[in-house]
Amino acid sequence: MFDLFLGQCLVLLLLFISGVRVFFIKNPKIDAATVVSPFSFIVSLLVIAIWGFSYISLALCCLSFVVFVTNLRAIFRLSAELFVDHYSAVFIVASVIETVLTLVLAAAVLYFRPVRCVPKDFGVDKTVLSVNGNAASGFRVDSGILPETLEDADFSKVAELSDFSRVKEFFLGHSVSGTVTIYSPTEKVEWISSDDSLLNGIDFFIGPHDVVEPFESNDDEPAVEALSAAEAPLLIFVGSALAETFCYEPYFVFLAQKGFTVITADFFAPDMRLFNDRRDSRMFRRFSVVRAMLEGGEEFERIKGEMAAFTQKGYEALSSLVLEKYGNERKVFYITDGLSSEQIFAFSDKFPGSVEGMLQMEFIPEYKNVGLGFIEQTDILLAHRLGIARDGEFFIPRYLSFKTVQQLAGFVAEKKSRRQVSD
């Protein structure tokens, strides 16, 4: 979501230029800077279209529209190539008010900015693919390829859409119905360990009196909480309408930094609708669900039930897509947030022999934001609303990556032990 912050900053910069220009005119000239006002409005609309609806983005869009309307006369004068030797008092007052509002919004944007988490800075590659289809008939990759193993993949089943229709359908959440995001280490590693040099010296409190310290390892003698990268399964996660992939990105980045390949998905399929109106579109879905959560009541209880069922379908769809492309012999490991064990077994039992295990994030006591992701880094406004402090050190995502490696290493060691006993 740091890209959203940069987009909002661009809108604020354009609004500021438009507002303060009235103080710098000294000689008669063509007011070329007035073109900034319509451009700021267009960019504010694109911010909502690309990153979704939010209160701050709405405020920026409204202010941009007001500035655009205020500058209409100046735009007409510019189109007629007329010189401006002074601005009217009304226009100056309006520009001052707009500049003050711009500064107020700038303060809000800076205060609620997400914690910067760029995968490249952590030695992680991030690939985003679009998919189309639905939960009933399955999904197909719409653009790009999964890394390494899909050079010869057959994408002939991808729906043929014009560019305009593809964009329209994507934002409405119809045929182009989701995204698959892949986090993978830039450089290959031989061992994946629960050790994290940035966590050394920090005690992890599991209970009132229990302390677990990070385990250290070296290349010659890997720690018990480590596994060979060749044995590591693909980590599978499906976002919900309440918390999409970006809400968990710090956690996925730290897992990929350790050596895992993490494959996540967010689906907007026609048969995964919660409201059956415009709120199901990509732009409004998460905002609408978060609002329903904050309001509570029977409506949100209904949404929670349907959301869990759709997320369950999403895991099944993503598992099918991944195993189809990587091969059924490749192991997968599920990471879930808020799904019951029964719901997990309902889709994992459909892939016998491929599932290495699962991690239910809600059973880790330090993870408090069940179903919401790491909003203390990714959605500071919502975190503030829920009384959760901003965390610029990524402590909880790092700790969960540590626990994930421990649990995975335990699964692998247990299966090895069973094979040795059977032999």
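Reading the values: the criteria
- As a convention, each chain's residues are numbered from 1 in the sequence order in which they are written.
- Per-residue local features are limited, in this predicted model, to residues with pLDDT of at least 70; the limit for side-chain atom pairs, both in listing and counting, is 80 or more; totals at the level of whole chains, interfaces and linings are taken over all residues.
- Hydrogens are left out, water is left out, and the side-chain values use all remaining heavy atoms of the structure.
- Both site types are read off a 1 Å grid over the protein atoms alone. A 1.4 Å probe that fits but cannot get out defines a cavity, while an open set with protein on both sides within 12 Å along at least five of seven lines defines a pocket; lining residues have an atom within 4 Å of a point.
- Grid points are joined across faces, edges and corners, and a volume is the space filled by probe spheres set on the points.
- Strands here are runs of E lasting at least two residues and helices are runs of H or I lasting at least four, both read from the DSSP assignment and numbered beginning at the N terminus.
- Charged means Asp, Glu, Lys or Arg here, nonpolar means Ala, Val, Leu, Ile, Met, Phe, Trp, Tyr, Cys or Pro, and polar covers whatever is left, Gly included.
- Burial status follows relative accessibility: with a 1.4 Å probe on protein chains alone, a residue under 20% of its type maximum counts as buried, one over 50% as exposed, and anything between as partly exposed.
- We call two residues contacting when some pair of their heavy atoms lies within 4.5 Å.
- As a per-residue measure, pLDDT reflects the predictor's confidence and takes values from 0 up to 100.
- An axis is simply a line fitted to the C-alpha atoms; with a helix, the fit covers only the stretch in contact. Between two such axes, the angle follows the N-to-C directions and lies from 0 to 180 degrees.
- Any angle between 65 and 115 degrees counts as roughly perpendicular, while under 35 counts as roughly parallel, over 145 as roughly antiparallel, and the rest as oblique.
- Take the far helix as your reference; a near helix turned counterclockwise from it by less than a right angle gives a left-handed crossing, and one turned clockwise gives a right-handed crossing.
- We define a salt bridge as a contact between a side-chain nitrogen of Lys or Arg and a carboxyl oxygen of Asp or Glu at a distance within 4 Å.
- Two aromatic rings from Phe, Tyr or Trp, using only the six-membered ring of Trp, form a pair when their centres are within 6.5 Å; if the ring planes differ by under 30 degrees the pair is stacked, by over 60 it is edge-to-face, and anything between is tilted.

A. Broad picture of empty space enclosed by the protein. As enumerated under the stated definition, the model contains two cavities of 30 Å³ or more in all. In this structure, the largest cavity encloses a volume near 100 Å³. Along the walls of the largest cavity sit Val238, Gly239, Ser240, Ala241, Phe267, Met272, Leu274, Arg285, Met307, Phe310, Thr311 and Gly314, which together make up its complete lining. Looking at the lining of the largest cavity element by element, the count peaks at four residues for helix H9 (residues 298-326). Grouping the amino acids of the lining of the largest cavity by side-chain chemistry returns seven nonpolar, four polar and one charged.

B. Main features of the environment of Leu294. Secondary-structure assignment places Leu294 in helix H8 (residues 285-295). Judged by relative accessible area, which is 33%, Leu294 ranks as partly exposed. A sequence separation of 88 residues divides Leu294 from Leu382, and the C-alpha atoms of the two residues are 9.7 Å apart. Setting aside its immediate chain neighbours within four residues, Leu294 contacts Leu382, Arg385 and Leu386.

C. Layout of the confidence of the model for the protein. Here the protein shows a mean pLDDT of 80. Residues at 70 or above account for 77%. Note that residues 143-175 has pLDDT below 50 and, in this model, 60 contacts with residues that lie over four places away or in other chains. Confidence drops under a pLDDT of 50 for residues 197-224, and excluding neighbours within four residues, the segment shows 47 contacts in the predicted structure.

D. Spatial organisation of unusual backbone geometry. Positive phi, close to 60°, is recorded for Asn276, a residue that is not glycine. As for its position among the elements, Asn276 is in the loop between strand S9 (262-267) and H8. Of note, the phi angle at Phe394 is positive, near 60°, even though the residue is not glycine. With respect to the helices, strands and loops of the structure, Phe394 is situated in the loop between helix H12 (380-385) and helix H13 (395-422).

E. Highlighting the packing of helix H3 (residues 55-70) against helix H5 (residues 89-111). H5 packs onto H3 with a crossing angle of 165° between their chain directions and a minimal axis gap of 11 Å. In this view, H3 runs roughly antiparallel relative to H5, as classed from their interaxial angle. As H3 runs across H5, the sense of the crossing is left-handed. Contacts between H3 and H5 involve Ile56, Ala59, Leu60, Leu63, Val66, Val67 and Thr70 on the former and, on the latter, Phe91, Ala94, Glu98, Leu101, Thr102, Leu105, Ala108 and Val109. For the contact of H3 with H5, a count of residues per class yields 12 nonpolar, two polar and one charged.

F. Structural context of the pattern of salt bridges. Tallied over the full model, the rule gives 11 salt bridges. Measuring nitrogen to oxygen at the nearest pair gives 3.7 Å for the salt bridge that ties Lys304 to Glu301. You can see Lys304 and its partner Glu301 sitting in helix H9, three residues apart, about one turn around the helix. A residue is classified by how much of its surface remains accessible, and Lys304, at 37% relative accessible area, is partly exposed. The partly exposed category is assigned to Glu301, whose relative accessible area is 48%. It is possible to trace a salt-bridge network through shared partners that takes in Glu299, Arg302 and Glu306.

G. Up close: the packing of aromatic side chains. The full count for this structure, using the stated rule, is 23 aromatic pairs. Here the aromatic cluster, defined as three or more aromatic residues joined through ring pairs, consists of Tyr183, Phe237, Tyr248, Tyr251, Phe252, Tyr367 and Phe374.

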